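What the coordinates show
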Number of protein chains: 2
Amino acid sequence: MSTHTSDKHLLYKIAKAYYQDELTQHDIARRFGLSRVKVSRLLEQARQEGIVKITVVPPPGTFADLERQLEARFGLLEAVVVAPARYDRANVVRELGQAAADCLMRCLKGREILTMSWGTTLRATVDALPSRNWPHMTVVQMAGGLGRPEAEVYGSDLTRRAAQALGARSRMIPAPGIVASKLARDALLADTHIAETLAMAARADVALVGLGALTPDSVVLQVSSLLTEEQINELKALGMVGDIALRCYDAYGRPIRHEVNERIIALELEQIKRIPRVIGVAGGTGKYESIRAALRGGLINVLVTDDRTAARLLSEPNSHRTER
Amino acid sequence: MSTHTSDKHLLYKIAKAYYQDELTQHDIARRFGLSRVKVSRLLEQARQEGIVKITVVPPPGTFADLERQLEARFGLLEAVVVAPARYDRANVVRELGQAAADCLMRCLKGREILTMSWGTTLRATVDALPSRNWPHMTVVQMAGGLGRPEAEVYGSDLTRRAAQALGARSRMIPAPGIVASKLARDALLADTHIAETLAMAARADVALVGLGALTPDSVVLQVSSLLTEEQINELKALGMVGDIALRCYDAYGRPIRHEVNERIIALELEQIKRIPRVIGVAGGTGKYESIRAALRGGLINVLVTDDRTAARLLSEPNSHRTER
DNA sequence: ACCCAAAATGAACAAATGTTCACCCTCGAA
DNA sequence: TTCGAGGGTGAACATTTGTTCATTTTGGGT
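We now turn to the structure provided with this report.

How each quantity is defined
Residues numbered from 1 in each chain as written. Chains lettered and ligands numbered in written order. Predicted model: local features only at pLDDT ≥ 70, side-chain atom pairs only at ≥ 80, totals over all residues. Heavy atoms only, no water. Pairing = 2+ DSSP bridges. Helix = DSSP H or I, 4+ residues; strand = E, 2+ residues; numbered from the N terminus. Contact = heavy atoms within 4.5 Å. Axes fitted to C-alpha atoms, helices over the stretch in contact; angles between N-to-C directions. 1 Å grid on protein atoms, 1.4 Å probe; cavity = no way out; pocket = protein on both sides within 12 Å on 5 of 7 lines; lining within 4 Å. Points joined across faces, edges and corners; volume = space filled by probe spheres on them. Nonpolar A, V, L, I, M, F, W, Y, C, P; charged D, E, K, R; others polar. Near = heavy atom within 4 Å. Polar contact = N/O pair within 3.5 Å; in protein donor to acceptor, adjacent residues only side chain to side chain. Buried < 20%, exposed > 50% of the residue type's maximum accessible area, 1.4 Å probe, protein only. Right-handed = clockwise from strand over helix to strand, strands pointing away. Buried area = accessible area lost by both parts, 1.4 Å probe. Salt bridge = Lys/Arg side-chain N within 4 Å of Asp/Glu carboxyl O. Disulfide = S-S within 2.5 Å.

1. Considerations on the sheet that holds strand 8 (residues 242-244) of chain B
Residues and elements named next belong to chain B. A sheet is described by the order of its strands in space; here 3 strands give the open sequence 7-8-9, paired in antiparallel fashion. Both outer strands of the open sheet, strand 7 (212-213) and strand 9 (247-249), are each paired with one neighbouring strand and no more. Inspection of the sheet shows strand 7 paired to strand 8 by 2 bridges, in the antiparallel sense. Residue pairing in the sheet places Gly212 in a bridge with Asp243 of strand 8. Together, strand 7, strand 8 and strand 9 form the strand contacts of helix 14 (residues 288-296), whose direction differs from that of strand 9 by roughly 90 degrees.

Structure representation (structure tokens):
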């Protein structure tokens, strides 16, 4: 087993020829009178024995390693961590939006179906979208809106603007996200256009979602006209820590069974999970529990967040392995 | 053209995934939502930009870089440089022999034709050969011998012993290397066995040769019984600096045209040149000119020598590029 | 000498990687 | 707006690399 000097010597010569001179293994074999397979094995050995060292230099001012740890820990396709200049909500949201837009654009080619929910973070994302001309792309709304006043943030508007920026077709849900009764919901779902839109969202290639949390400014909590104080407390009692597109989940990212679900017009969590790429964008104070839950439950497979939240997620001693 | 930070960031992530996590480019593409081709190109870029650094660590106590320079400068398939413990002729020769044997064994598989000349250095090489059992190999003598007295070094003996060590068949030339007249030479060449042996040597896969020089102990010079003082002076006047298998060459490795060639029984330089792998072994004081010439003329394509001679060969400002 | 277990080998196959080329953006000028 | 140059893109192809497995070789024990 102990390797003689002259062995190392040969390993060195071959490694040098391969990695520096960029000869092919075939050429090296010919020159040194070895078989190509043997050269392959010797190179393998050279790497093993540390004769060949490959270093990847981390670019400064970046959180690539944090990202890698998140990816590994939560089984993500990708994690993107940004370092906001300041940690006030407005700035964090803006920077998250920029990063999410970059990340999204990188994986779009111009022919896929993108479905998205809405919220302040996604608004920032849409604001950061560059302009494209992708007539073969479709942007589909994932959840009903929340009425007039906040239409710019909580309705079809984001979907429309995203589609416009990308030069894509759009598909909106002309209905509220939460209605008064199951009956009303069923009536709306009977509408061909709405049903088809949801069906299309369900087979999207990419989803872009914000992760709601139980902060005072939470969307879900604010819809007091349709959700009573009592119902909100029931949801909390059932372990709710956050929502994606109005669908509430518990600390393990499991859907919460509650009557309110029957009054919601949006993709279900299970449907979202089935989308190949679900980009979750969330960060700043108060989002931690919700993000952790979404990661645990495998509700998203790409996460865009800030460095503090990222560090906090990794400080957890041992989180459940995701199921994705 | 100027590379933005976030570009480098992506390069880093991908390089890390490829070189550290050993994911395939295909997997990386899938994860990051890129095409495989793009990943390939990004990795290329990462190497270019120095984000990926590949170092090959030189094993200590070795002359790998000297070897590489020799290879590059003289267009060799391989150079082997040894550092003799002491520089007395006996020791240099012993160490050269060891190295040559290693180098030879490395490129033999057991089914080829090996042709060899003779001399003190080759004797050391044969002494260092390990024992094998290669019935499909043939060892062929390349040049006639030099008579009784020094038979052990200057005749068929080396070929026989090499074949024996390797368990190979052997093919000897039962004739002197230099005869008295062209007539005598022609008569010997008419012998079927001798002719066939030379023909076989000519199509050998590997040749093992010593490089003769004009040192006082030179073989060629010592054959005074057949070479007159005058003839030797003629050869020198024609520029002779050394010989391979009794075939003399000038400072550029070109064969010397002289009557003595017609009285020699050995492969010609042109024939030797055509052998795919010609391992030249020589080193120590006095061999420099001869080695340089053989290299210049492309007479050999593998060189085994000592570190001092190697350094001297490289100190030459600008030698002719070899023709091989 | 002979035999055997363990390691090494390379041919054939499978996978991964690199390259080419036709096409499609994007952007800037008319 | 149209046009065209220049750069980027990925499908298809070519090359390179890795792996498996039947066979050979080696080294050590009789």
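Now that the structure has been shown, we can carry on.
2. Focus on the layout of surface pockets
Reported here for the largest pocket is a volume of approximately 1300 Å³. For the largest pocket, the lining is made up of 48 residues, of which Glu78(A), Asp102(A), Cys103(A), Arg106(A) and Leu10(B) are closest to its centre. Looking at the lining of the largest pocket, the elements that each hand over two or more residues are strand 2 (78-82) and helix 5 (89-107) of chain A together with helix 1 (5-20), helix 2 (25-32) and helix 3 (36-48) of chain B. With 10 residues, helix 5 of chain A is the single largest residue contributor to the lining of the largest pocket. Of the residues in the lining of the largest pocket, the class split is 21 nonpolar, 10 polar and 17 charged. Roughly 810 Å³ of internal volume is contained in the second largest pocket.

3. Thoughts on the protein's contact with DNA strand D
Around DNA strand D, the structure places 13 residues, and the nearest of them are Tyr18(A), Gln25(A), Ser35(B), Lys38(B) and Arg41(B). Among atoms of DNA strand D positioned within 4 Å of the protein, sugar and phosphate together represent 56%. Arg36(A) places a polar side-chain atom, nitrogen or oxygen, 2.8 Å from a base oxygen of DNA strand D. Within the side chain of Arg41(B), one N or O atom sits 2.6 Å away from a base nitrogen of DNA strand D. For the surface near DNA strand D, the elements supplying multiple residues, two or more each, are helix 3 (36-48) of chain A together with helix 3 of chain B. A per-element tally of the surface near DNA strand D places helix 3 of chain A first, with 4 residues. Per-class residue counts for the surface near DNA strand D are 3 nonpolar, 4 polar and 6 charged.

4. Description of the side chain of Thr197(A)
Relative to the assigned elements, Thr197(A) resides in helix 10 (residues 192-202). When neighbours within four sequence positions are excluded, Thr197(A) is seen to be in contact with Val140(A), Gln141(A), Arg171(A), Met172(A) and Ile173(A).

5. Topic: the pairing of strand 11 (residues 302-306) of chain B
Residues and elements named next belong to chain B. Of all 5 residues making up strand 11, 5 are buried, and the element is well covered by its neighbours. The two faces of strand 11 match: Val302, Val304 and Asp306 on one face and Leu303 and Thr305 on the other face are all buried. In terms of strand pairing, strand 10 (residues 277-281) meets strand 11 through 3 bridges, oriented parallel. Bridge pairing in strand 11 places Val281 opposite Val304. For the segment spanning strand 10, helix 14 and strand 11, crossover handedness is right-handed.

6. Description of the interface of chain A and chain B
Many authors give the size of an interface as the accessible area that is lost as the parts come together. Opposite the 41 residues of chain A that make contact, chain B presents 40 residues. Buried surface at the junction of chain A and chain B, both sides included, amounts to about 3700 Å², of which 53% is carbon and sulfur. At the junction of chain A and chain B, the tally comes to 11 salt bridges. For Glu71(B), the salt bridge identified is with Lys13(A), shortest N-O distance 3.6 Å. In this assembly, chain A and chain B are joined by 26 residue pairs in polar contact (both at pLDDT 80 or more). Mapped by element, the contributors of at least two residues to the side of chain A that touches chain B are helix 1 (5-20), helix 2 (25-32), strand 1 (52-56), helix 4 (64-74), strand 2 and helix 5 of chain A. Considering every element that reaches the side of chain A that touches chain B, the biggest residue donor is helix 1 of chain A, with 11 residues. Relative to strand 1 (residues 52-56) of chain B, strand 1 of chain A is paired through 5 bridges, and the arrangement is antiparallel. Paired with Val52(A) across the bridge in strand 1 of chain B is Val56(B).

7. Digging into the pattern of salt bridges
Enumeration over the complete set of coordinates arrives at 39 salt bridges over all chains. Residue Asp186(A) is joined to Lys182(A) by a salt bridge in which the shortest nitrogen-to-oxygen separation is 3.1 Å. Of this pair, Asp186(A) and Lys182(A) both sit in helix 9 (residues 182-189), separated by 4 residues, roughly a single helical turn. Take Asp186(A): its relative accessible area is 32%, and that puts it in the partly exposed class. Lys182(A) sits in the partly exposed class, given a relative accessible area of 37%. Across the pair Arg30(B) and Asp27(B) runs a salt bridge, and its minimum N-O distance is 3.0 Å. One end of the pair, Arg30(B), and the other, Asp27(B), are both in helix 2, 3 residues apart, so they sit about a helical turn from each other. Taking the relative accessible area as the measure of exposure, Arg30(B) reaches 56% and is therefore exposed. Salt bridges here are not isolated pairs; linked through shared partners, they connect Lys13(A), Arg31(A), Glu67(B), Glu71(B), Glu78(B) and Arg106(B).

8. Some points on the protein's contact with DNA strand C
Close contacts around DNA strand C come from 14 residues, with Ser35(A), Lys38(A), Arg41(A), Arg132(A) and Tyr18(B) the closest. The contact atoms of DNA strand C, taken as those within 4 Å of the protein, divide so that sugar and phosphate hold 55%. In the model, a phosphate oxygen of DNA strand C is placed 2.6 Å from a nitrogen or oxygen of the Tyr18(B) side chain. Within the side chain of Ser40(B), an N or O atom sits 2.9 Å from a phosphate oxygen of DNA strand C. Elements represented by at least two residues in the surface near DNA strand C include exactly helix 3 of chain A together with helix 3 of chain B. Along the lines of polarity and charge, the residues of the surface near DNA strand C split into 3 nonpolar, 5 polar and 6 charged.

9. Examining the state of the cysteines
All names here are of chain B. Tallying each qualifying case throughout the model produces 0 disulfides over all chains. Counting only cysteine sulfurs, Cys107 is the nearest neighbor of Cys103, a cysteine outside any disulfide, at a range of 6.0 Å. Overall, Cys103 belongs to the buried group, its relative accessible area being 1%.

10. Concerning empty space enclosed by the protein
Scanning all chains against the criterion turns up 3 cavities of 30 Å³ or more. As a volume, the largest cavity reaches approximately 60 Å³. Together, Arg68(A), Glu71(A), Lys13(B), Ala17(B), Asp21(B), Leu23(B), Arg31(B) and Phe32(B) line the largest cavity. Contributing elements (two or more residues each) for the lining of the largest cavity: helix 4 of chain A together with helix 1 and helix 2 of chain B. Across the lining of the largest cavity, the residue classes break down as 3 nonpolar, no polar and 5 charged.

Functional significance is not addressed by these values, which are geometric in nature.
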